[in-house]
Structures are given as C-alpha cells and as structure tokens.
Amino acid sequence: MFLQIVNLILDVATGLVGGACLMRLVMQWQRLPFQNPIGRFVFAVTDWLVMPLRRVLPAVGRLDTSSLAAAWLMKLSHVTIMWVLGGTQAAFVGVLIASLFGVLHWLVSGLSAIILLYAILSWVQPNSGSMMLLSRIVEPWLAPIRNAIPQPGGIDLSPLVLLVILQIAGMLLAGLQYGGF
C-alpha cells in the first residue's frame, strides 16, 4: 500500500510539471501566445526546470528541446524512484525506455484532454478566448481527419475519431511502457 501511495503522489507531481512542460513545448511549436492564464500557469510551473536546461539544450528549429527534456526528466524521476522503492530486478535501461514511453503516453493523454475540452467548448462557448487557444492546438490534428471522413448531417465527427485513435495509441503505449518491466 505504501508503494501505491508514493506512486500516486509522484504521478500527480511529475504529471503536473511534465504535462506543463509538454504544453509549453506544444505552445511554442504552434507559436501560441503565453499572455493568457494557461500560458502564465505553464511558465510558472516549468521555468525552474526548463530555463537551466535551455542553457545546454538549444532549440532545434521550432522544437523546444529543453521543454521536451524537462518532461522526460520528470517521468524518468518518477519511474526511477518507483524502480528503486519497488526493488525491481529490471535493468536501468528498462527504466529509461519506460520513461520515454511514459512521456509519449502523457502527450497522448494531454491531447485527448485538450480535444475533449475543445469539443465541449465548441458547444457551450464557441467564441471564448480559451476556444481560440484550443483550436490552434487541435486543428492541425483534426484537419486530415475532416478531409478523410464525411460530415453526416453537418455534424463534425473528427474529434470523436481522433479521440478513438488516441485512446488506442494510449493503450498501446501503456502496454509498451509497463511491458518493459
């Protein structure tokens, strides 16, 4: 039971910081403004980790490698602590691989949450500032699906299709992440 409690606390703490690092990565990739509540939150939660890494990891084009590395370090710390506390006999290479799959799983989960928020806001507050921010994040993912499937009765099913695809990807990543041990 102790390991479950520690895992929960680590999952929440590293997930919050790591997820914010990934949000920072996506917002910079999409060149979204940070002068909004979400952007200010992301900076407040991640600056302590991302800014020192930025001194040694320069951006590669639009890819903010320091934010990506910060997210991976958060997941690596979580997996490593659980590996040490659990007394698992797996090699540390397995910890490295599990943490990489964990970051990918965070990306899939985060995008799923953003798509759900996008779909809900499109019904209740389609002209809000948050909707514009979410739209800029989600539209590049939805556009190819919209081009591939028809809109029966004028209803856009692309968010639902993308959510199903992301759920399948999440299940595969979770299996790969935990299959490494």
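Scroll up to find the structure.
In this report, the structure presented in the accompanying data block is examined. Everything numeric here is computed off the predicted structure, so don't read it as measured data. (Residues numbered from 1 in each chain as written. Predicted model: local features only at pLDDT ≥ 70, side-chain atom pairs only at ≥ 80, totals over all residues. Heavy atoms only, no water.)

Notes on the overall build of the chain
We apply this condition: Runs of E in the DSSP output that reach at least two residues are strands. Runs of H or I that reach at least four are helices, and both are numbered from the N terminus. Relative accessibility under 20% of the residue-type maximum defines a buried residue, over 50% an exposed one, and the middle range a partly exposed one, all with a 1.4 Å probe and only protein chains included. Any pair of residues with heavy atoms lying within 4.5 Å of one another is described as a contacting pair. Throughout, the Shrake-Rupley method with a 1.4 Å probe supplies accessible areas, and for residues the shown protein chains are the sole cover considered. Note on charges: Lys and Arg go in the positive column, Asp and Glu in the negative column, and His and the chain ends are not counted at all. Here the site of a charge means NZ on Lys, CZ on Arg, CG on Asp, or CD on Glu.
Helix and strand counts for the chain come out as six helices and zero strands. Tracing the chain from N to C terminus, the helices and strands come up as α-α-α-α-α-α. Projected onto its principal axes, the C-alpha coordinates of the chain cover approximately 55 × 35 × 30 Å. Counting across all 181 residues of the chain, residues that qualify as buried make up 37%. Contacts in the chain between residues far apart in sequence, at least 24 positions, make up 61% of those at least 6 positions apart. For the chain, the exposed area adds up to about 10400 Å²; of that, 73% sits on carbon and sulfur atoms. Taking the 9 positively charged and 5 negatively charged side chains of the chain as two groups, their mean positions are separated by 8 Å.

What to know about the side chain of S112
In this fold, S112 is placed in helix α4 (residues 92–124). A relative accessible area of 5% places S112 in the buried class. Excluding its chain neighbours within four sequence positions, the residues that come into contact with S112 are L163, L166 and Q167.

Describing the packing of helix α2 (residues 37–54) against helix α3 (residues 65–86)
Counted only if it meets this: Here, axes are lines fitted to C-alpha atoms. For helices the fit covers the stretch in contact, and angles between N-to-C directions go from 0 to 180 degrees. To sort the angles, those under 35 degrees are grouped as roughly parallel, those over 145 as roughly antiparallel, those from 65 to 115 as roughly perpendicular, and the leftovers as oblique. Helix crossings are classified by the rotation of the near helix relative to the far one: an anticlockwise turn of less than a right angle makes the crossing left-handed, while a clockwise turn makes it right-handed. Three classes are used, and their members are as follows: Ala, Val, Leu, Ile, Met, Phe, Trp, Tyr, Cys and Pro are nonpolar, Asp, Glu, Lys and Arg are charged, and the others, Gly among them, are polar.
Relative orientation of the contacting elements α2 and α3 amounts to 125 degrees, with a least axis distance of 9 Å. Taken as axis vectors, α2 and α3 run oblique relative to one another. The interaxial crossing formed by α2 with α3 has right-handed handedness. Here W48, L49, V50, L53 and R54 of α2 come into contact with α3, specifically with S66, S67, A69, A70, L73 and M74. For the contact of α2 with α3, a count of residues per class yields eight nonpolar, two polar and one charged.

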